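A look at the structure
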Amino acid sequence: MPTSNWQRFSALYGKEMRELRPEIIIVVAMAVLICLTMYAKSGTDARDLLIVPIFLLMGLAGFLPFVASFKLLGREWSTNTIYLIMSLPVRGGMILGTKLAALISQYLLGTLVVIAAALFWVHPHLPEIVNSLNAMTGSQTKLVQFIPGIAMAYLLSLTWLFYLISVSFLSQLIGKLFTRFNGVITLIVFLATLAFAGWLMDLSRSFCQFSSSFNILGPGLQSSLQQAMVFMGVNSAIYFVVAALIMVVSILVYRYRIEL
Amino acid sequence: MIEFKGVAKSFGRTVALDGVDITFATGKITGLFGPNGAGKSTSLKLITGLNRPDRGEVMIDGKDPLDSKVEVAYLPEIDHLYPWMNIRQAASFVSSFYGDWDEKRYHELLPFLNLDEEMKLGKISKGQRAKTKLLLCTSRRSKYLLLDEPLSGIDILTREQIIQTLIRDFREGEQSIIISTHEIAEVEGLVDEVVFLDRGRVRLQGDAEQLREERGMSLVDIMKEAFRYAN
């Protein structure tokens, strides 16, 4: 009886998650460590200083999946496991799709753990922060009104990651088409694709007649929040479409051009 | 049936195959023989879809190799398994992709090959890794089994085990095995058909027994003779 696509996807996804395990453990362990330190320093000034490592950790959790995208694909060649992967009866879409899914999972896991750690620290101060923001802008915005904006910002960061991973996959695969100087070729293709995709996104924004100039801290916080939501929504959509296009090209390169 | 029709393949300036026509008969064990650089590994990679011909076509039962991967079990010469996996994890991974995986045979072959499921692939010997690769291929009831230098760098006792496994599990008439090797003597008694390749061309092909009878010599001597005249 043939195995199902779900079974195949699960096997590949599980394998990719195992490859990413060290980086995930590092981020989670650091977040837990910071939480414990905050707990130990409770009531002291040192506790407030911990906001810096939390931000750094958030940056690390967001950036690691992009770095790992090079490891996840490149290692298949350096360890010869690409012979196993390419001989499996699955399409390039599933191979690259499971790698993408694992990297997105790594991002979700890392960032959500760090956000949880940050909330653990910041939640007693949230009303104060909202009050001071309202005092600055002269508005009466409630805490819950910020949630859609934060969710949209997170969505934008996800599509941005999808875009970077797609460019990373495409540049690596094109690099693999060459036996010599493939590292340099990968770098050139990576930068060229970023530049081309940037131009394409600017074109899309001008086509949508979308202006990105607004002031979140200007008078009328709620209207600025709405503007920010539109800004992030349109950008998320544009990043998503461009990333999907680049991913389709990567899948085609994998299927029709890659050889061992 | 696997067919090569006018297949040519080059890597840069190096010609790996030069207009080759081969038919690998169904239900038989075929030896793909030749010295290093003859085009043996490239031929197997073309069948598995890891390479594409520059010219000509490779067909598996009339289909493109990319659409026939589910029918083919491939054992490459290099170590292609994840070193962090143990044998049980590797078997579970491979079995997820193939409906022809035979769990019963897998558990029979483990002790036969002196392997343990908990052995970690990155920490076992070369011979054990070779046996693991063979275990994962032969635990499937695949229609085509492709073995690229399965005995290369393996000690004599392990070689014996590998050959015994192939004899034990070969389903005559149903399964086709292609063994690529330059160590002909080891598999002489195993093969039904032979293809001698040299610098990307077929030097000689035919029924192994018939060739031996016609020429009154072993396949090793036939190859030596064929290549002496060719050079």
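Residues numbered from 1 in each chain as written. Chains lettered and ligands numbered in written order. Predicted model: local features only at pLDDT ≥ 70, side-chain atom pairs only at ≥ 80, totals over all residues. Heavy atoms only, no water.

Attention now goes to the domain arrangement of chain B. All names here are of chain B. Split into domains, chain B comes out as domain 1 (1–21 + 43–68) and domain 2 (71–177). Each of domain 1 and domain 2 has a C-alpha centre, and the two are 25 Å apart. Opposite the 11 residues of domain 1 that make contact, domain 2 presents 8 residues. Carbon and sulfur atoms make up 68% of the surface buried where domain 1 meets domain 2, a total of about 770 Å² over both sides. Looking only at domain 1, the three residues that lose the most surface to domain 2 are Leu44, Thr48 and Ser68, adding up to 49% of its buried area. A salt bridge links Lys143 to Asp61; the shortest N-O distance between them is 2.9 Å. On the surface where domain 1 and domain 2 come into contact, there are 4 residue pairs in polar contact (both at pLDDT 80 or more). At 4 residues, the largest contribution of residues to the side of domain 1 that touches domain 2 is made by helix H1 (residues 40–48). (Domains from an automatic or database assignment. Contact = heavy atoms within 4.5 Å. Buried area = accessible area lost by both parts, 1.4 Å probe. Salt bridge = Lys/Arg side-chain N within 4 Å of Asp/Glu carboxyl O. Polar contact = N/O pair within 3.5 Å; in protein donor to acceptor, adjacent residues only side chain to side chain. Helix = DSSP H or I, 4+ residues; strand = E, 2+ residues; numbered from the N terminus.)

We now examine the side chain of Glu23(A). Residues and elements named next belong to chain A. With respect to the helices and strands, Glu23 occurs in helix H1 (residues 5–40). On the accessibility criterion, Glu23 (14% relative accessible area) is buried. Ignoring anything within four residues of it in the chain, the contact list for Glu23 reads Leu64, Ala68, Lys71 and Gln106. (Buried < 20%, exposed > 50% of the residue type's maximum accessible area, 1.4 Å probe, protein only.)

We now examine unusual backbone geometry. In this structure, Phe181(A) is a non-glycine residue whose phi angle is positive, near 55°. One can find Phe181(A) in the loop between helix H7 (147–176) and helix H8 (182–207). The backbone phi angle of Glu149(B) is positive, close to 50°, even though this residue is not glycine. Assignment of secondary structure puts Glu149(B) in the loop between strand E6 (144–148) and helix H5 (156–169). Assessed through its relative accessible area of 6%, Glu149(B) is described here as buried.

As a further point, take the pattern of salt bridges. Enumeration according to the criterion identifies 27 salt bridges over all chains in this entry. Salt-bridge contacts for Asp198(B) lead to Arg199(B); the nearest nitrogen and oxygen are separated by 3.4 Å. With relative accessibility at 5%, the residue Asp198(B) sits in the buried group. Residues joined by salt bridges that share partners form a network here, namely Lys15(A), Glu16(A), Glu76(A) and Lys99(A).

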